[in-house]
Amino acid sequence: MASLPLPAPPVSASPLRQLTLQAAAAILVLSLAWPYYGLKAEALPWWETSLVIGGVAGLLATLTRQPWWWRVMHAAFVPLGWVVSQLAIDPGWFLLAFFLLLLVYRGAVTEQVPLYLTNRATVAALAQLLADRPPSAFLDLGAGLGSTVVPLARSLPGWSFAGVENAPLTWLAGRLRSLGQGNLAWRWGDLWHADLAGYGVVYAFLSPAPMAALWDKVRAEMRPGTLFISNSFAVPDAAPGRVVEIPGTPPRRLYLYEIAAG
Ligand SMILES: C[S@@+](CC[C@H](N)C(=O)[O-])C[C@H]1O[C@@H](n2cnc3c(N)ncnc32)[C@H](O)[C@@H]1O
């Protein structure tokens, strides 16, 4: 583990921004294609039109300097939509898939926090950090499938662990994984309602979106001398006491904030 200087926080792409980009590409292409084919009294060639819309959306995403995966998604979205529409699948299946996804990815819709998991190397680094402190209580805010607290609870029996999660299927998976682990309390609930006062270490692996508000909550509730750790997402405008780099693919960073008095 190595200490690093503070890097710039990741830039978030808002859903509204992405939707606007797609709409702009579609409106631009259709506003030219519709009159063109209308004047020629020909039917609009939807497949070719969808490809052009995808191309324009990909270009706009490139011009607005979006990460490569957004460019690919923008370029593929409308052409794939057209292909799927040709499969004539009953719309009920899409509704079912939507609700199933919501049971897992609720946080992506309500908080801009999807499910992705703390990897083993990061859990090992956390275990090392905890082992260097006197045993106390550890809370994972948005605990996912328990990928952090389940192995930590097994390897550090002197500590007590808790995880709070509010996506139903994710919570259920974590509940099953945590069965029989006496020093781990697996809770259903909203992380914003968790009382942080009783914990020596609070851990979060969320997204850039909630970090400023979460920092306000941390400072209001955590006691002096305790530790807040954020995986990958730094608190805006607050310098961490230490940054721990975890090598791997992708590499991760743990931002450590000791809570000071006052
Ligand atoms: C990036 S995952 C991290 C999972 C886990 N902490 C780990 O490190 O493997 C973030 C989790 O936070 C959950 N989440 C998002 N908003 C939440 C909220 N308001 N209350 C509780 N959990 C939330 C999501 O459902 C998701 O499982």
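The following paragraphs examine the structure supplied in this document. For clarity, every value in this text was computed on a predicted model and none was experimentally measured.

## Side note on the pairing of strand S5 (residues 201–204)
For step 1, the next point in the chain: Across the two faces of S5 the burial is the same, with Val-201 and Tyr-203 and Val-202 and Ala-204 all buried.
For step 2, the next point in the chain: Where strand S2 (residues 137–141) meets S5, 4 bridges bridge the pair, whose relative direction is parallel. When the sheet's bridge partners are listed, Leu-139 is paired in S5 with Val-202.
For step 3, the next point in the chain: The pairing of S5 with strand S6 (residues 227–231) spans 4 bridges and is classified as parallel. Each residue of the ladder has a partner; that of Val-201, found in S6, is Leu-227.
For step 4, the next point in the chain: Taken together, S5, helix H8 (residues 211–221) and S6 constitute a β-α-β crossover, and its handedness is right-handed.

## Details of the pattern of salt bridges
For step 1, the next point in the chain: Under the defined criterion, the tally for this structure stands at 4 salt bridges.
For step 2, the next point in the chain: A salt bridge links Arg-133 to Glu-258, with the nearest nitrogen and oxygen atoms 3.3 Å apart. Residue Arg-133 is located in the loop between helix H5 (120–131) and S2, and its partner Glu-258 is located in strand S8 (residues 252–258); the two are separated by 125 residues in the primary sequence.
For step 3, the next point in the chain: Under the relative-accessibility criterion, Arg-133 is labelled partly exposed at 22%.
For step 4, the next point in the chain: The partner of Asp-216 in a salt bridge is Arg-219, and the shortest N-O contact between them spans 3.2 Å. Linking Asp-216 with Arg-219, this pair stays in helix H8, spanning 3 residues, or about one helical turn.
For step 5, the next point in the chain: The partly exposed category is assigned to Asp-216, whose relative accessible area is 44%.

## Some remarks on the pairing of strand S4 (residues 184–188)
For step 1, the next point in the chain: Here strand S3 (residues 160–165) pairs with S4 via 5 bridges, running parallel. From the neighbouring strand, Gly-163 faces S4, where its bridge partner is Trp-186.
For step 2, the next point in the chain: A crossover links S3 with its parallel partner S4, the connecting element being helix H7 (residues 168–178), and its sense is right-handed.

## Observations regarding empty space enclosed by the protein
For step 1, the next point in the chain: Evaluated as defined, the whole model comprises 1 cavity of 30 Å³ or more.
For step 2, the next point in the chain: Taken as a whole, the largest cavity spans an internal volume of roughly 340 Å³.
For step 3, the next point in the chain: Lining the largest cavity are 29 residues, and of these Val-113, Gly-142, Ala-143, Gly-144 and Glu-165 lie nearest its centre.
For step 4, the next point in the chain: Elements that contribute at least two residues to the lining of the largest cavity include exactly helix H4 (91–110) and S3.
For step 5, the next point in the chain: Tallied by class, the residues present in the lining of the largest cavity amount to 16 nonpolar, 9 polar and 4 charged.

Rules used in this analysis
- Residues numbered from 1 in each chain as written.
- Predicted model: local features only at pLDDT ≥ 70, side-chain atom pairs only at ≥ 80, totals over all residues.
- Heavy atoms only, no water.
- Buried < 20%, exposed > 50% of the residue type's maximum accessible area, 1.4 Å probe, protein only.
- Helix = DSSP H or I, 4+ residues; strand = E, 2+ residues; numbered from the N terminus.
- Pairing = 2+ DSSP bridges.
- Right-handed = clockwise from strand over helix to strand, strands pointing away.
- Salt bridge = Lys/Arg side-chain N within 4 Å of Asp/Glu carboxyl O.
- 1 Å grid on protein atoms, 1.4 Å probe; cavity = no way out; pocket = protein on both sides within 12 Å on 5 of 7 lines; lining within 4 Å.
- Points joined across faces, edges and corners; volume = space filled by probe spheres on them.
- Nonpolar A, V, L, I, M, F, W, Y, C, P; charged D, E, K, R; others polar.

As far as function goes, none of this settles anything; it's purely spatial.
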